[in-house]
Amino acid sequence: MILKKPRKIRIFYKFLIVLLTISAIPIFIVGMRLIDINRVSLQDLTLELQINQATRISDAVESHMDKLRDMIVFVIDTHGRPPLDWTLIERLLRSMLASSEDLLTVSLVTEDGREITKVYAPELEGKVALENRSSHEGFIKARRTGEFAVSELYYQYGIPSLDVVYPFAENMFIFIETDLSGLLKLVERTRIGQTGFAYVVDSKGRIILHPEVEKGMDKTSVSDRPIVEAVLSGRLLGSIEFEDTETGEKIVGAYAPVATFAGLGWGAIVEQNQAEAYYSARVMQRNALYLLVAVVIAACIIGYFLAQSLTSPIIRLTGVAREIAVGNFNSEPIRQWLQNVKLKDEVVELASTFTVMTQQLKRYTEMQADKMNAILFSIADGIIMTDYSGSIMLSNKRAGQLLGIDESLEGKKIQDIIKREEIYESLREAREKKEHIVKELDLSNENVSKHLMAETSIVSQAESRQDLGTVTVIRDITLEKELEQMKDDFIHSITHDLRSPMTSIRGFLEFLMDGSAGEINEQQKEFLEIIDRSSKRLLVMISDILDVAKMESGSMHLEREPTNIRSDIIDSAVNTMSMQAKRDKVELKAIQKNEILEINVDKNLIDRVLTNLLSNALKFTPEGGEVRIEIEDKGDRIHVAVEDTGSGMPKEMCERIFDKFEQVKGSKGKRKGTGLGLTITKYIVEAHGGKIWAESQPGQGSRFEFWIPRRESGESSSDDKKATD
């Protein structure tokens, strides 16, 4: 996976973004908020105006009805209560008619609904006559309840009218026809803009007063309009925005219910086209937005030039700093810029200080370089320092000599110069694991033997501990390798030559011990048994050394066969070692975690591995301790662990314990064995394509684990590799 290099953002744009963030953006946000507040305020004022108009009409209707009631009560109280003669009754009716211009007729009605006398306004001369009101809705209600009754609004003679019936005396009623022309004119005069108008609806949602009189006369139903539904629901004053279902026009309106003693259930409504109602708010919003955009643009322009003036010297300093980073300490561009600056500020002072610092840094770098060169070129080992990208930052001449490279290494990619996979692996592991990595390099050819050791470590700053890269120390270990090989060859040769005479010695010992050469006494027999045990131990040591030599040369042959490690090997090994465990008073047990399937292995060699591990575990476990074998089938491999409760060993010994002749002290402080058992064990496991390792801490026992893959190839799978971590 190739990681994309993050895009670089110039400091100029960063300054510009910061300046706009603290200036233009707050201005824009606050401006938009104020515009929105003012728009809402203007809309609220429009709605308040509409509510006031609707309230004015509602109050006029309520006032008309209240005055009518008060007038009737006042006139009756003034002229007295019945019984009255007909002269006083007629005077009473005429007083009512004269007390209000809104009255059309006033009549006296009997219980059966007949008008027995009537007075009327002069303009109705010849147009009225006595009528029978027995079927009149208001009369029926007044007769039933004995209280004021009001009829529905109707039109007669082209005039909106309303009848009021009032119980006057026993079996007598006053019937009044009122003129609502004044209310109609008020509705007609109520205009808001060009599209705003008012109207009044009755309790059934029918128009009764409208600037278009025909709608009132026809009592056009508008009960499905949301604003009519709102006013008829009994709500208080309010406003609403809705869409006309017929025209699709957006409407904004206000409503006010009419509350009178008569319980009319009417409602006064004012409607206006939304676009016109909010026109002033939109104009204000548009003009304010233009002004706000102009202010923001001005802030952006000012921010641009201000950011440029602030970042220009910083960019110059960055360019010089970049040159210093690659070893060029020339600060002449900064000095020339300082000469042309007229106004002095902190940035100019910084640039001046930067030039002084550059000169001091140049002198210090030259001095440190001289010291570093003196140290590097006096070291006998090769030194190569790289950054995390693989570029060589530092190297000495000895590194090139050891690697056979004549050209300079500094500034080049290590993978382009050194064609050794071990070097790349060392750098990668050091970066990932943050550990000291050691790799051996074999540069031998047919004529010359050459072995190098490369030790790679992370380079960090002394104070901040920030990683700077890796340093690789290359050391020539050819002489050590040759001496080690000579030692191994000598040991192998000697042990091989000793095997034949030791075999002869043991043969003659058996001849003497069984009495074939003559009778021996008890003391002689004891001496011969000591010689026999010592020769047997020496022969085992010789066999181990020869086995190690055979394994190192790669000539060990595996005789694989289907084997159940639990039943064929572990149980056998446990039985073999059980006597030693009882003698040492150590509990020995095997634990099988799941079903174990057969696997193709060399049965004898794996048995040798288990016996060796169990022998070591018993050797280092004190009395009363425990040795436990765990076996688990993981599908692609068999996993075995031998754990004891002995004295344990230091962590650094967990790797070295598998080297030749490496031993730790036993439970009684003595070293036992040849020191080759675990080495042979490791070779056997690795010959099967597996891995063995140890985990231990002083005083907490030891745990030896190994796994063997089911495949017979030497190539390990990804799962096997995970098991090695």
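Here the structure is a predicted model, which is why all the values come from computation and not from measurement.

A word on the pairing of strand 21 (residues 626-633)
Regular strands have side chains that alternate between both faces of the sheet.
(1) Moving on: Taken across its eight residues, strand 21 has seven buried, putting it largely inside the fold.
(2) Moving on: Alignment of strand 19 (residues 587-592) against strand 21, held across six bridges, turns out to be parallel. Paired with E587 across the strands is E626, a residue of strand 21.
(3) Moving on: By the bridge criterion, seven bridges tie strand 21 to strand 22 (residues 637-644) in an arrangement that is antiparallel. Its bridge partner lying in strand 22, E630 is registered against A641.

Points about the environment of D659
(1) Moving on: Along the chain, the position of D659 falls in the loop between helix 19 (653-656) and helix 20 (677-687).
(2) Moving on: Sequence separation between D659 and L678 is 19 residues, and the spatial gap between their C-alpha atoms is 7.7 Å.

Focus: the sheet that holds strand 22
(1) Moving on: With mixed pairing, five strands are arranged side by side in an open sheet as 19-21-22-24-23. Each edge of the open sheet is held by one strand with a lone partner, namely strand 19 and strand 23 (691-696). Taking the axes of each pair of neighbouring strands and ignoring which way they run, one obtains an average angle of 15° across the sheet.
(2) Moving on: Contacting strand 19, strand 21, strand 22, strand 23 and strand 24 (702-709), helix 18 (residues 603-619) runs over the sheet at an angle of about 20° to strand 22.

Some details on the pattern of salt bridges
(1) Moving on: Enumeration over the complete set of coordinates arrives at 26 salt bridges.
(2) Moving on: The partner of E131 in a salt bridge is K118, with the nearest N and O atoms 3.7 Å apart. With a gap of 13 residues between them, E131 in the loop between strand 2 (115-120) and helix 4 (137-145) and K118 in strand 2 connect regions that are remote in the sequence.
(3) Moving on: A relative accessible area of 12% means that K118 is categorised as buried.
(4) Moving on: Across the salt bridge formed by K219 and E152, the nearest N and O atoms sit 3.5 Å from each other. Taken together, the positions of K219 in the loop between helix 6 (213-218) and helix 7 (226-232) and E152 in the loop between strand 3 (149-150) and strand 4 (154-156) put the pair 67 residues apart, joining distant regions of the chain.
(5) Moving on: You can call E152 partly exposed: its relative accessible area is 31%.
(6) Moving on: Salt bridges linked by common partners bring K589, K593, E626, R628, E630, E643, R703 and E705 together as one network.

Concerning the sheet that holds strand 13 (residues 382-386)
(1) Moving on: The five strands are arranged 14-13-17-16-15 in an open sheet whose pairing can be described as antiparallel. A single partner strand is all that each edge strand has here, and the edge strands are strand 14 (392-395) and strand 15 (437-442). Direction aside, neighbouring strands of the sheet carry axes that sit 20° apart on average.
(2) Moving on: As paired elements, strand 13 and strand 17 (residues 467-476) share five bridges and run antiparallel to each other. Note on strand 17: the bridge partner recorded for T386 is T470.

A look at the nonpolar core
(1) Moving on: Among the nonpolar cores identified, the biggest contains 45 residues, and I72, M96, V106, L209 and W266 are the most heavily contacted of them.
(2) Moving on: Sort the elements by how many residues they give to this core and helix 2 (residues 24-79) lands first, with nine residues.
(3) Moving on: Not counting the four nearest positions on each side in its chain, I72 is found in contact with M96, F148, V164, Y166 and I176.

Here's the deal with helix 18
Residue pairs three or four apart in sequence face the same way in an α-helix, which turns once every 3.6 residues.
(1) Moving on: Across its 17 residues, helix 18 extends 24 Å between first and last C-alpha, which sits within 8% of the 24 Å expected from 1.5 Å per residue.
(2) Moving on: Among the residues of helix 18, those classed as buried are L605, I606, V609, L610, N612, L613, L614, N616, A617, L618 and K619.

Description of the packing of aromatic side chains
(1) Moving on: Tallying each qualifying case throughout the model produces three aromatic pairs.
(2) Moving on: Look at F139 and F173: their rings are 5.2 Å apart centre to centre, the planes differ by 80°, and that puts the pair in the edge-to-face class. You can see F139 sitting in helix 4 and its partner F173 sitting in strand 6 (residues 172-179), a full 34 residues away along the chain. Judged on exposure class, the residue F139 and its partner F173 are both buried.

Things to note about the packing of helix 17 (residues 565-583) against helix 18
(1) Moving on: One way to put it is that helix 17 packs onto helix 18 with a least axis distance of 9 Å and a crossing angle of 35°. For the element pair helix 17 and helix 18, the recorded crossing hand is right-handed. Facing D568, I569, I570, S572, A573, V574, M577, Q580 and A581 of helix 17, the residues of helix 18 in contact are K603, I606, D607, L610, T611, L614, S615 and L618.
(2) Moving on: Counted by class, the contact of helix 17 with helix 18 contains 10 nonpolar, four polar and three charged residues.

What about helix 20?
(1) Moving on: Along helix 20, the positions that sit buried rather than exposed are G677, L678, T679, I680, T681, I684 and V685.
(2) Moving on: Of the residues one or two after helix 20, G689 is the one with positive phi, at around 85°.

What about the side chain of Q272?
(1) Moving on: Looking at the secondary structure, you find Q272 in strand 12 (residues 267-273).
(2) Moving on: A relative accessible area of 4% means that Q272 is categorised as buried.
(3) Moving on: Reaching out from Q272, the side chain makes a polar contact with the backbone oxygen of I192 at a distance of 3.4 Å.
(4) Moving on: Among the polar contacts made by the side chain of Q272, one reaches the side chain of E276 at a distance of 3.1 Å.
(5) Moving on: Excluding residues within four positions of it along the chain, Q272 makes contact with T46, Q50, I192, G193, T195, G196, K250, I251, V252 and A277.

A short note on the confidence of the model for the protein chain
(1) Moving on: When the pLDDT values of the protein chain are averaged, the result is 77; 74% of them are 70 or greater.
(2) Moving on: Looking across the protein chain, the model is least confident in helix 21 (residues 718-724), with a mean pLDDT of 40, and most confident in strand 8 (residues 196-201), with 92.
(3) Moving on: Residue range residues 714-725 is modelled with pLDDT below 50. Its contacts to residues more than four positions away, or to other chains, number 16 contacts.

Observations regarding the packing of helix 18 against helix 20
Think of two packed helices as two axes; the pair is described by the angle between the axes and how far apart they sit.
(1) Moving on: Following both chains from N to C, one finds helix 18 and helix 20 inclined at 145°, their axes separated by 9 Å at the closest point. The handedness of the crossing between helix 18 and helix 20 is left-handed. Seen from helix 18, the contacting residues are L605, I606, R608, V609, N612, L613 and N616; seen from helix 20, they are G677, L678, I680, T681, I684 and V685.
(2) Moving on: Partitioning the contact of helix 18 with helix 20 into residue classes produces eight nonpolar, four polar and one charged.

Topic: the side chain of H136
(1) Moving on: Among the structural elements, H136 can be located in the loop between strand 2 and helix 4.
(2) Moving on: According to the relative accessible area criterion, H136 is buried, its value standing at 15%.
(3) Moving on: A polar contact of 2.7 Å, which involves the side chain of H136, links it to the side chain of D163.
(4) Moving on: Beyond its immediate stretch of four places on either side in the chain, H136 contacts S151, D163 and F175.

Brief notes about unusual backbone geometry
(1) Moving on: With a phi angle near 50°, K219 is a residue other than glycine that sits in the positive phi range.
(2) Moving on: Of note, K585 is a non-glycine position whose phi angle comes to about 55°, a positive value.
(3) Moving on: Relative to the helices and strands, K585 resides in the loop between helix 17 and strand 19.

Some words on a nonpolar patch on the surface
(1) Moving on: A cluster of nonpolar side chains, namely I25, F28, I29, M32, L289, V293, I297, I301, Y304 and F305, defines an oily patch on the protein surface of about 870 Å² accessible area.
(2) Moving on: Going through the elements one at a time, helix 2 and helix 9 (279-325) are the ones with two or more residues in the nonpolar patch.
(3) Moving on: For the nonpolar patch, the leading source of residues is helix 9, giving six residues.
(4) Moving on: In this fold, I301 is placed in helix 9.
(5) Moving on: Residue class for I301 comes out partly exposed when judged on its relative accessible area of 45%.

Criteria and thresholds
- Residues numbered from 1 in each chain as written.
- Predicted model: local features only at pLDDT ≥ 70, side-chain atom pairs only at ≥ 80, totals over all residues.
- Heavy atoms only, no water.
- Buried < 20%, exposed > 50% of the residue type's maximum accessible area, 1.4 Å probe, protein only.
- Helix = DSSP H or I, 4+ residues; strand = E, 2+ residues; numbered from the N terminus.
- Pairing = 2+ DSSP bridges.
- Axes fitted to C-alpha atoms, helices over the stretch in contact; angles between N-to-C directions.
- Contact = heavy atoms within 4.5 Å.
- Salt bridge = Lys/Arg side-chain N within 4 Å of Asp/Glu carboxyl O.
- Core = buried A, V, L, I, M, F, W, Y, C linked by side-chain atoms within 4.5 Å.
- Expected span 1.5 Å × (residues − 1).
- Phe/Tyr/Trp six-rings, centres within 6.5 Å; stacked < 30°, edge-to-face > 60°.
- Left-handed = near helix turned anticlockwise from the far one by under 90°.
- Nonpolar A, V, L, I, M, F, W, Y, C, P; charged D, E, K, R; others polar.
- Polar contact = N/O pair within 3.5 Å; in protein donor to acceptor, adjacent residues only side chain to side chain.
- pLDDT = per-residue confidence, 0-100.
- Patch = residues over 30% accessible without salt bridge, like charges linked within 9 Å, V, L, I, M, F, W, Y side chains within 5 Å.
- Areas by Shrake-Rupley, 256 points an atom, 1.4 Å probe, with all protein chains shown as cover.

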